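Analysis of the macromolecular model
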Amino acid sequence: MTRSILRKFLRKFPTLEPLYQFSPESISQTFSIPPQKASLIYRDLHNRQLIERIKKEIVTFPIITIVDESYPPMLNTIKDAPLVLYACGDLSLLSEQPKISVIGTRNPSKDAWAKTEFVVKPLVQEGWVIVSGLAKGIDSFAHEIALQHHGKTIAVLGSGFNHIYPRKNSKLFFEIANRGLVLSEYAPNIPPAKYHFPERNRIISGLSFGTLVIEAMEKSGTLITVEHALDQGREVFAVPDSPAVPQSKGCHQMIQDGAKLIQHAKDIVIEWQMIKHHYK
């Protein structure tokens, strides 16, 4: 079932409960859905095996839906907000502010750790929540720096919790689950897929008031998250470097296009102080 169909259901029935009384024909006629697709939806709604599996999953991984009070308010304002989030860890982080998304290339430069720590560590020490995507490279650095300095971090996955990607980050996943929070809009048994990662990027940017790019190649997947952030009306920050460093070219382009150049963590703190009243 697609998110667009689910949104149709939610607009008419916010709890979805009345849907269980519908026949396939009623689903098709009421929501203008092709009969064959309506029959599949009816079958899933009454599939006892699927229902039992979901019941077991939510014992281990709580589910937050878009109609729940615990759903993060900032995320609810974005276009195509996730309808369901599976969670593993400290749910209280969803309501904490400020949050900053920290992203960048999967193939960082030799100075990337130092650059990430220089900006992220002071924010962590001031109680900021660091949001990223558990990818190798800058994402991993951001999470690890938050954990090393006893801070708060949220990881957003492009797969279900039973299929950690990349596998080498399995240990990091468990550390974040124990000391922070991991989120995914995909059920635990859903493996990673190429299109999942651009989709999850809207959640990374949507959870935070701004997105900080540490390093990015000239043509980088990082730019997808930046585009989401801009579309969501979020701030975009970029760290400069020598023009001879390939991993800085994307950041320099962002700065030319209007991203805020970041020299110190305080540059981000100042921006937050100026606009934080919008996020209360």
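Nothing here was measured: the structure is a model prediction, and the numbers come from that model. (Residues numbered from 1 in each chain as written. Predicted model: local features only at pLDDT ≥ 70, side-chain atom pairs only at ≥ 80, totals over all residues. Heavy atoms only, no water.)

A few points about the pattern of salt bridges
Here is the rule: By definition here, a salt bridge exists when the distance from a side-chain nitrogen of Lys or Arg to a carboxyl oxygen of Asp or Glu is within 4 Å. Secondary structure elements are defined from DSSP: runs of H or I of at least 4 residues count as helices, runs of E of at least 2 residues count as strands, and each element is numbered from the N terminus. Exposure is judged per residue with a 1.4 Å probe applied to protein chains only, and the accessible area is read against the type maximum: over 50% gives exposed, under 20% gives buried, and values in between give partly exposed.
Counted under the stated rule, the structure contains 9 salt bridges. Note that K115 is salt-bridged to D241, the shortest N-O span being 2.8 Å. On the criterion of sequence distance, the pair formed by K115 in helix α5 (residues 112-125) and D241 in the loop between β8 (235-238) and α10 (249-256) is long-range, its members being 126 residues apart. What makes K115 buried here is its relative accessible area of 13%. The residue E185 makes a salt bridge to R202 at a minimum N-O spacing of 2.8 Å. Placement of E185 in the loop between β6 (181-184) and α8 (196-206) and of R202 in helix α8 is noted, with a sequence separation of 17 residues between them. Take E185: its relative accessible area is 13%, and that puts it in the buried class. The class for R202 is buried, based on a relative accessible area of 3%. What emerges from the salt-bridge pattern is a single network uniting D80, E185 and R202.

What about the pairing of strand β4 (residues 129-132)?
Threshold: Pairing between strands is defined by DSSP: at least two bridges between them are needed. Looking down the strands as they point away from the viewer, one classifies a crossover as right-handed if the path from the first strand across the helix to the second runs clockwise.
Residues V129 and V131 line one face of β4 and the alternating positions I130 and S132 line the opposite face, and both faces are buried. Across 3 bridges, strand β3 (residues 99-103) lies against β4 in parallel orientation. Across the sheet, residue I100 finds its bridge partner in β4, namely I130. Taking the sense of rotation as the criterion, the β-α-β connection linking β3, α5 and β4 turns out right-handed. Taken together, the 4 bridges between β4 and strand β5 (residues 152-156) define a ladder with parallel strand orientation. Bridging from a neighbouring strand, V131 pairs with I154 of β5. A crossover links β4 with its parallel partner β5, the connecting element being helix α6 (residues 138-148), and its sense is right-handed.

Considerations on the pairing of β5
On a regular strand, each side chain points to the face opposite its neighbour's, so the side chains alternate between the two faces of the sheet. With 4 of 5 residues buried, β5 lies mostly within the body of the structure. Relative to β6, β5 runs parallel, the two sharing 3 bridges. Bridging from a neighbouring strand, A155 pairs with V182 of β6. A crossover connection joins β5 to the parallel β6 through helix α7 (residues 170-179); in handedness this β-α-β unit is right-handed.

Quick word on the sheet that holds strand β1 (residues 63-65)
To keep it simple, the criterion reads: Contacts: residue pairs with any heavy atoms within 4.5 Å of one another. Fitted lines through C-alpha atoms give the axes, limited to the stretch in contact for helices. The angle between two N-to-C directions lies from 0 to 180 degrees.
Across the sheet, 9 strands lie side by side as β1-β2-β6-β5-β4-β3-β7-β8-β9; this open sheet has mixed pairing. The open sheet is flanked by β1 and β9 (260-261), the only strands paired with a single partner. Two elements, β3 and strand β7 (residues 210-213), share 4 bridges in a ladder whose sense is parallel. Considered in β7, the bridge of V102 is made with L212. Its contacts with the sheet put α7 on β2 (84-89), β5 and β6, and the angle it makes with β6 is roughly 110°.

Structural notes on α5
The following threshold applies: Expected helix span is computed as 1.5 Å times (number of residues minus one). One fitted axis covers the seven residues ending at a residue, a second covers the seven starting there, and the bend at that residue is the angle between these axes.
With 14 residues, α5 ought to run about 20 Å at 1.5 Å a step, and its terminal C-alpha atoms sit 20 Å apart, in line with that. At F118, α5 shows its maximal kink, close to 30°; a proline, P122, follows between one and four residues later. All buried positions along α5 are accounted for by A112, K115, T116, V119, V120, L123 and V124. Residues of α5 that are buried sit in contact with β3, β4, α6, β7 and α11 (265-275). Remark: G127 follows α5 within two positions and exhibits a positive phi of approximately 90°.

Side note on the nonpolar core
For soluble globular proteins, nonpolar side chains are generally found buried alongside one another. Short version of the rule: Among buried residues, the Ala, Val, Leu, Ile, Met, Phe, Trp, Tyr and Cys ones that are joined through side-chain atoms within 4.5 Å form a nonpolar core.
Membership of the largest hydrophobic core comes to 31 residues, with the highest contact counts inside it found for I154 and L207. At the level of elements, β2, β4, β5, β6, α8, α9 (222-231), β8 and α10 are the ones that each hand at least two residues to this core. When residues no more than four places from it in sequence are discounted, the contact partners of L207 are P72, M74, L75, L94, K99, V131, I154, V156 and L183. In this structure, I100, V119, V124 and I268 belong to the second largest nonpolar core, which totals 26 residues.

A few points about a nonpolar patch on the surface
Basically, it comes down to this: Surface patches are drawn from residues lacking salt bridges whose relative accessible area is over 30%; two like charges belong together within 9 Å, two nonpolar side chains (Val, Leu, Ile, Met, Phe, Trp, Tyr) within 5 Å. Computed with a 1.4 Å probe, the accessible areas rest on the Shrake-Rupley method; for each residue, only the protein chains presented here act as cover.
Where nonpolar side chains cluster on the molecular surface, the patch consists of I54, I58 and V59 and spans about 260 Å² of accessible area. With respect to the secondary-structure elements, V59 resides in helix α4 (residues 48-60). A relative accessible area of 70% places V59 in the exposed class.

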